[in-house]
Amino acid sequence: MNIAEDGAKRPVRGELVKILVHRREDRGMVLEEFASRCVRREEIHELVTTDQHDTAPGAVVDRVGFLGFVEIASGGVIDRGDAVWIGDRRIGTVLGYDSCHFPNHYNILIATDRTTTGAELGLRPALEVRFGQQQQ
């Protein structure tokens, strides 16, 4: 039986509230088994880049660059593979989630060609963040 699960959705939007400037080679984040997470308006989550692209549940993600924290302005569903935009710049795609700080916040892992930080990208508070399907 073939069941289609992914239909159209609106983008999840937010705004950067804090910029981060550091990276790690030994972070030890653990990829959650979930390919999607629902996020609510006014929640705050951390954005983390990685050049490690293994999506297997439990995969360890050591090489990371920290972008910053985003406050969700319009809730919705963020799926693995969603494009991530900050301002007019496409950052990468959602790899998955690490929940070591949950319920305070999720680390939203973003697959990129190389790890990068918020400072390196010249990010600043109040820039718009968008998560959405690749064609959006």
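Quick note: structure is the one above.
Keep in mind that this is a model prediction, so the values were computed, not measured.

The rules behind each value
- Residues numbered from 1 in each chain as written.
- Predicted model: local features only at pLDDT ≥ 70, side-chain atom pairs only at ≥ 80, totals over all residues.
- Heavy atoms only, no water.
- Core = buried A, V, L, I, M, F, W, Y, C linked by side-chain atoms within 4.5 Å.
- Buried < 20%, exposed > 50% of the residue type's maximum accessible area, 1.4 Å probe, protein only.
- Helix = DSSP H or I, 4+ residues; strand = E, 2+ residues; numbered from the N terminus.
- Contact = heavy atoms within 4.5 Å.
- Phe/Tyr/Trp six-rings, centres within 6.5 Å; stacked < 30°, edge-to-face > 60°.

Undergrad: Looking at this structure, I do not really get the nonpolar core. What am I missing?
TA: Soluble globular proteins tend to bury their nonpolar side chains together. Counting 21 residues, the largest nonpolar core has Leu16, Leu47, Ile78, Ile86, Ile108 and Phe131 as the members making the most contacts within it. Of all the secondary structure elements, the ones that give two or more residues to this core are β1 (12-19), β7 (64-74), β9 (83-86), β10 (89-98), β11 (107-111) and β12 (128-132). Not counting chain neighbours up to four residues away, the residues in contact with Ile108 comprise His45, Glu46, Leu47, Val48, Ile78, Val94, Gly96, Tyr97 and Phe131. Met29, Leu31, Val64 and Phe69 belong to the second-largest nonpolar core, a separate cluster that totals 12 residues.

Undergrad: It is not clear to me how the packing of aromatic side chains should be interpreted in this structure. Could you clarify?
TA: Here a ring pair, both rings aromatic, is described through the centre-centre distance and the interplanar angle of the planes. Under the definition given, this model contains two aromatic pairs. Consider the rings of Phe102 and Tyr106, whose centres lie 4.6 Å apart with planes at 25°: the pair is stacked. The partly exposed category is assigned to Phe102, whose relative accessible area is 45%. Looking at Tyr106, the relative accessible area reads 10%, which means it is buried. An aromatic cluster is built from Tyr97, Phe102 and Tyr106, whose rings are joined through pairwise contacts.

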